[in-house]
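This is what each chain is made of:
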Amino acid sequence: MKNFALVFLLSITTLFAQVPDTFQWLPDGSGYRDVTQTGTIEQVTLPARTSKTLVSKEQLTPKGETDALKIRSYAISEDGNKVLIYTNSKRVWRYDTRGDYWLLDKSSNSLTQIGKNRPESSLMFAKVSPDGQKVAYVSEHNIYVDDLKSGQTKALTQDGTDRIINGTFDWVYEEEFDCRDGFRWSPDSKSIAYWQLDARKIRNFLMIDNTDSIYAFTVPVEYPKVGETPSPYRIGVVDVSSAKTKWMDIPGDPQNTYVPRMEYAGNPQELVIQQLNRKQNESKLMYLDTKSGKASPFFSETDQAWIDIKSRWTDGPDGWDWLNGGKEFLWVSEKDGWRHTYRMSRDGKKETLITKGEYDMISPVLIDEKNNAYYFMASPENSTQSYLYKTTLDGSGKATRVSPADQIGTHRYDLAPGGTFAKHTFSNARTYPITEWITVKDQVSLDPSMSVDKGIKAAQRGDALNIEFFKLKTQDGVEVDAWMVKPTNFDPKKKYPIVFTVYGEPAGSQVMDRFGTGRNRLYMGNMANDGYIYAAVDNRGTPMPKGREWRKAIYRSIGTINIRDMAMGAKAMFEKYPFIDTDRVAVHGWSGGGSSTLNLLFQYPEMFQTGIAVAAVANQLTYDNIYQERYMGLPQENREDFVKGSPITHAKNLVGNLLYIHGTGDDNVHYQNAEMLVNELVKHNRQFQFMAYPNRSHGIYEGEGTSRHLATLFTKFLKENCPPGEKASGSNPSGSAKVSSGSN
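Residues numbered from 1 in each chain as written. Predicted model: local features only at pLDDT ≥ 70, side-chain atom pairs only at ≥ 80, totals over all residues. Heavy atoms only, no water.

(A) Seen up close, the overall build of the protein. A tally of helices and strands in the protein yields 12 helices and 43 strands. Relative to the 2.2 N^0.38 estimate, which gives 27 Å for 744 residues, the radius of gyration of the protein is 27 Å and therefore close to what a compact globule would have. Here the protein, with 744 residues, has 58% of them falling under the buried criterion. For the protein, the share of sequence-separated contacts (at least 6 apart) that also reach a separation of at least 24 residues comes to 59%. Element-wise, carbon and sulfur atoms account for 48% of the exposed surface of the protein, whose accessible area totals about 30,700 Å². Here the protein holds 89 positive side-chain charges and 90 negative ones, and the gap between their average locations is 1 Å. (Helix = DSSP H or I, 4+ residues; strand = E, 2+ residues; numbered from the N terminus. Rg over C-alpha atoms; globule rule 2.2 N^0.38 Å. Buried < 20%, exposed > 50% of the residue type's maximum accessible area, 1.4 Å probe, protein only. Contact = heavy atoms within 4.5 Å. Areas by Shrake-Rupley, 256 points an atom, 1.4 Å probe, with all protein chains shown as cover. Lys, Arg positive; Asp, Glu negative; His and termini not counted. Charge placed at Lys NZ, Arg CZ, Asp CG, Glu CD.)

Printed below as a string of structure tokens:
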């Protein structure tokens, strides 16, 4: 279950995993290329920032057409002669991963459509073979190859259906493992390794469309609910010339294990895979002989909670980080209590710790083997922020901070090969994101007029958000991070209502020092000007760089320990700040945050008087198996934990004001959650307000006027039930909160 607010913010600046970004470094690190606003591909040389056109609009215009192709993404061959253009893209679940592909051959100046006999916008993940002679792609769950010389198309698989999935993935693999591109070219261009998923036994969840026809119709989604076995997988290697597939002999029951990662192991004869057990608390690495299909396990690790895969700390699970000519690779593990990077021998028997110390490696940035350097993001001193660090790749050195000491907040770096230049983006809660080109060694901007330092100074001079970050110690002895935005013209002698924004689950946190934090996009107007305190409290279980114990304390306790931490954090705020009006306390959240909103309202009814929950999981037994089983176990073994953490279990305790919102076309958190919750509230005669948005998905943005209507509804309900503005400090002078013991 993704943090919707987090996904929304990230989607502004980044392309989804496994489809190339339009911004690409040149292989030698001397500059970059990107798509311009006019639709051409330009190459820029650094540090002079001189540019030249690589692909013009004329070259992008098909023969007989007047309009050039609109580039969604592209890939350029090593020799620069072939450019694969992705265009006319369409959405698959969350992202637009199917469309049309065209190949521009610059040497002959010819533009040819790939898969021209396939249905429009049906091609996925097209890739030119390493030898530059062919292009492979997925269409309608089968894998095809186009021969670039003859123009002939060959089907490498023919058994693909709506439920037999070749070369890509089903809904739950995409949603929870970020797996989308499901095939790999061999280094010698003679074969392709691919996933096949058999979703025939996965039951359809039927959504109902009542608005697009006089007669309502169902929209089926193959969706494995928690407790249901996943789609069994196979890994096949298909010979391009004969179109015959050799299936790999992988140990373990494919209906009770997962393979979220698979790559060629540096040669055509060997694959490397990562296999997880059903509970995702045991990880095995193994090599697969592509000729015999034999599997050779070589490394494993276990965790009492769960083991994260690569997509939890970088963009997508694909790619194996080989070193020393394939004799070693990098591996990330939390086995010593912190997320660290290790240098592993190919056989898994020797390991060297690279990122030493009691801190978390947040995400890798660059492996620079030539200069024995490893760049990564970390923040040992403040978990709400993120900075660039550098250490030696052989494990002999100590990590040092690269980001400037006076740039306090959240950094993002895209380093060029060789580590000379970088695209650097910075923001904090007070500063709008600023992007600059820099030299990595001294962190100097190549264009001082567009530098981060200048942007920070401008933000300080302007009307910056009045946000304060701080720490709280709860009565349970847990230290949590928090923030608040005080009202405009704040008077500490007066009392103000407080509105909490929450998420609370392992997919994200609301307490991060970056732009967007402290700003409520659902509120029509300015909360501070209207007299609200806006705030958030972190909880154990969020994916913050605070060590394994912090992140995994939530295991089998979603809906209990996270709710307790947020409630006790709020209580600590009430005791610390007497200007908070504890008779006017509201909370809101989306998706997992909607679930937390409901649980706070139901489990601590004397503390939270008003709640607005959007697209919540009201019953944990309705969500998908990969997510819910990873964090909660199997309901066949510990069903009581799922029940205890579900809002519907506590709905009878509602005392305050509740507005519940859900899209009926939500294929992620199904609308059935809304109706289950409504039934439970009706059963106990609990009064509430309810808004269903017909056919809207989890993001509730489709349809004219939807976003405005949702914001208007949110704002109206909040103002009516948690009135804004100051009041004299006469009532509740101690500032203490009326807090129930809850149900924990």
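Still more to cover.
(B) Geometry of the packing of aromatic side chains. Across all of its chains, the model carries 40 aromatic pairs by this definition. Seen in terms of ring centroids, Y173 and Y258 are 6.0 Å apart; in terms of plane orientation they differ by 70 degrees. Their pairing is edge-to-face. With a gap of 85 residues between them, Y173 in helix α2 (residues 171–177) and Y258 in strand β20 (residues 257–267) connect regions that are remote in the sequence. Here Y374 and F376 contribute two aromatic rings whose centre-to-centre distance is 5.7 Å and whose plane-to-plane angle is 25 degrees, an arrangement assigned as stacked. Just as Y374 is buried, F376 falls in that class too. An aromatic cluster is present here, built from W171, Y223, W306, Y555, Y623, Y627 and Y631 joined pairwise through their rings. Directly above the ring of Y342 sits K335, whose terminal nitrogen or CZ lies 4.8 Å from the centroid. Note that R401 overlies the ring of Y387, its terminal NZ or CZ placed 3.7 Å from the centroid. (Phe/Tyr/Trp six-rings, centres within 6.5 Å; stacked < 30°, edge-to-face > 60°. Lys NZ or Arg CZ within 6 Å of the ring centre and 35° of its normal.)

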